[in-house]
Each structure stands twice: as C-alpha cells, then as structure tokens.
Amino acid sequence: MTIKNLVFAANNETLVGEEWSLLYDRGSTSYRSVCWDGSKFVAAAQYRTMRSSNGIDWTIERSNLPATQIRRLEYGNGVYVAATNSGYFVSSDLISWTQVLNAFTNPFALRFKYGKFYSVVGISVMSSTDGINWTTISSNSMTGVAQDIEFASESNIVIVGSNSFITSSSDGGLTWIDRTSPIANTAISGIARSNSLYVARTATQIITSSDGITWTVRTSNISTTSYWIHWSGTIFTLAYSMLSYKHVVCTPPESDVRLSDIQVVCYQSLSSHSMT
C-alpha cells in the first residue's frame, strides 16, 4: 500500500512520502510539529518555523520567537498558535509572535477543532477562537498531566496523558470522568480518531476505543518508540523510527470517509504494516 501526501517533522530533517527521502537537514535543530494551513506546510522547531507549499522546498521564517522549543503548532481562523516551553504564542504571519499564555508543564495538548483552539493549561481546559483570548471551560478538572486531546464531536472529547491518564467529557469539556486504561504506569502521548474509533498510543503500544470510555489493547508489530498518530481520513498513520521522527501530517486534510486498517509507517524500511 502506498501512503501519499505525508510530511514528517523530524529531529533535524523534513521528509515527504512517497519514497521517504531526506529533503532538508538543519543540523541539530529539532522540528517537532507540522501543520497545514490550507496552502502550505509549516514545520515548527526551536524559536523558528519553516514553510513549504510542496513538502520539498522549504523556507525558514525568521521571527521574534524566543529561544524555546515549539512542542505543538496548530492553525485556524487565520492564525497560528505555538505551544512552547515558554508558553503559548500567536502569529498571523509566522514572523511576528505575541505571547498569550505563560509557561506551564508539558504544553502538548493543543488542537484546532470546530472553529476553536482547545488546550489543557495546567489542570484546566480552555478554548479560544483567535488564539489570544482564552476562556476556561473547566478549571482544576485534570487529575493527570495531559499530552493530547481529540474529539468525536464538539461535545465528546477525550484527553490522554502521563501515567496511563485517560479522561473524557460528553458535555463539551464542562465535566470530566477519568477512565480505566488497559495499560498501567506509562505515558499515553498521542490520540487520533476516525469516524468511529479512537486510537491512542504509548511509546510501543496501541489502545483503541469506540466511545472513549472502554479501552482495549491492540496487538501490534511496533518494536521501537513511536511518536505521533494521525487520522488522514482514510488511514491511521503512526510516525516512528530509531531517529525519533516526531510528527506526521496528511494534506489536504480529508473528512472521515471510512475506517481503514491501522498502518505503521517506518521511514527506515520505507514500508507500511497493518496491525491486528
């Protein structure tokens, strides 16, 4: 199966399908996240970003971002929001950035969905339409450290995090109920959803749920540390390799059309493998 239209942000490289060749090398700079803004890819690194319309030719954007690692980059409503170790920053042009939230632990759980940015700041869940003005949806509601957030609908939300943390909300984030994880004492660092299935990942394991409440461990062939999981609209894609590739994005973002086999993409072997 050929998997097309994927871009990786790696420790110091940028990769694009179909044959997963090295496209860009920036020495020791670590590119941790990639987003698609409707016309171009934007890869985020330490205090800077790069842009590309085709995933092959990249241009560095010089900006006023401080020397801090961008952990997650999201785009929506005409602005970019960067989650960094120094807090959240907002920009409309990738050059001039404004800090809007101060530093907090593990700034990973950031998503743009349903016309809003959603984030877990400390132990509170917040939302924003412009990335600047944030509204607290629920305060002091997290019992674990959040690392990712995903939606089945605007009302039904699941957050995963450290120490096997899983929590879900059925009222748009107003109230949360912690769920039992089928795996113990490990960070659940990423989550994605198709039209009917949540898939979450640890470093080397996969768990699934149809409702975000009851979770099952899936048998997989993952033998090395994985990093990010993504639903393209046709397949789940898991980014991993011994060289620590961090993030995978499909473009253009497609609507959920069908549930496919979970696929693992490994840059080193240039292959994909289904999980049972």
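Preceding block: the structure.
These numbers come from a predicted model, not from an experiment.

A. Here's a closer look at the packing of aromatic side chains. A full pass over the atoms with the stated rule returns seven aromatic pairs. A ring pair is formed by Tyr-198 and Trp-215, whose centres lie 6.1 Å apart and whose planes are at 40°; its orientation type is tilted. Of this pair, Tyr-198 sits in strand β21 (residues 198-201) while Trp-215 sits in the loop between β22 (206-209) and β23 (216-218), and the two are 17 residues apart along the sequence. Pair check on accessibility: Tyr-198 and Trp-215 agree, each one buried. Ring pairing ties together the aromatic residues Tyr-114, Tyr-118 and Phe-151, which thus form one cluster. In this structure, Arg-193 packs its charged tip against the face of Tyr-198, placed 4.6 Å from the ring centre.

B. Geometry of the pattern of salt bridges. Here the structure, examined in full by the defined rule, presents seven salt bridges. The salt bridge partner of Asp-148 is Arg-111, with a shortest N-O separation of 3.3 Å. With Asp-148 in strand β16 (residues 146-151) and Arg-111 in strand β12 (residues 110-113), this residue pair connects regions lying 37 residues apart in the sequence. When its relative accessible area of 1% is taken as the criterion, Asp-148 is described as buried. Look at the salt bridges and you will find they share partners, linking Arg-72, Glu-74, Arg-111, Lys-113, Asp-148 and Glu-150 into a network.

C. Molecular detail of the nonpolar core. Judged by nonpolar contacts, the single largest core of 13 residues is most densely connected at Val-120, Val-125, Met-142, Ile-149, Ile-159 and Trp-176. A total of three residues in this core trace back to one element, the largest contributor, which is β16. Each residue touching Val-125, except ones within four places of it in the same chain, is listed here: Ser-119, Val-120, Thr-135, Thr-136, Ile-137, Ser-138, Ser-141, Met-142, Ile-159 and Trp-176.

D. Broad picture of the sheet that holds strand β4 (residues 33-36). The strand order β4-β5-β6-β7 describes an open sheet built from four strands, whose pairing is antiparallel. Taken across any chain shown, the strands that pair with only one partner, and hence form the sheet edges, are β4 and β7 (59-61). Strand-to-strand, the axes of this sheet are offset by a mean angle of 25°, without reference to chain direction. Both β4 and strand β5 (residues 41-44) contribute to a ladder of four bridges, which runs antiparallel. What sits directly across from Ser-33, in β5, is Ala-44.

E. Expanded view of unusual backbone geometry. A positive phi is found at Leu-94, a non-glycine position, where the angle reads about 70°. Position of Leu-94 relative to the elements: it lies in the loop between β10 (87-91) and β11 (98-101). The backbone phi angle of Ser-164 is positive, close to 60°, even though this residue is not glycine. Within the secondary structure layout, Ser-164 lies in the loop between β17 (157-161) and β18 (165-169). Here Ser-164 falls in the buried class, since its relative accessible area comes to 9%.

F. Structural context of the pairing of strand β9 (residues 79-84). The element β9 is largely enclosed, with a buried count of six among its six residues. Burial of β9 is two-sided: the residues Val-79, Val-81 and Ala-83 facing one way and the residues Tyr-80, Ala-82 and Thr-84 facing the other way are all buried. Alignment of strand β8 (residues 70-76) against β9, held across six bridges, turns out to be antiparallel. In the sheet register, Glu-74 faces β9, and the bridge partner there is Val-81. Once β8 ends, the chain turns through two residues before running back antiparallel as β9, passing Asn-77 with a positive phi of about 55°. Relative to β10, β9 is paired through five bridges, and the arrangement is antiparallel. What sits directly across from Ala-82, in β10, is Phe-89.

Criteria and cut-off values
- Residues numbered from 1 in each chain as written.
- Predicted model: local features only at pLDDT ≥ 70, side-chain atom pairs only at ≥ 80, totals over all residues.
- Heavy atoms only, no water.
- Phe/Tyr/Trp six-rings, centres within 6.5 Å; stacked < 30°, edge-to-face > 60°.
- Helix = DSSP H or I, 4+ residues; strand = E, 2+ residues; numbered from the N terminus.
- Buried < 20%, exposed > 50% of the residue type's maximum accessible area, 1.4 Å probe, protein only.
- Lys NZ or Arg CZ within 6 Å of the ring centre and 35° of its normal.
- Salt bridge = Lys/Arg side-chain N within 4 Å of Asp/Glu carboxyl O.
- Core = buried A, V, L, I, M, F, W, Y, C linked by side-chain atoms within 4.5 Å.
- Contact = heavy atoms within 4.5 Å.
- Pairing = 2+ DSSP bridges.
- Axes fitted to C-alpha atoms, helices over the stretch in contact; angles between N-to-C directions.

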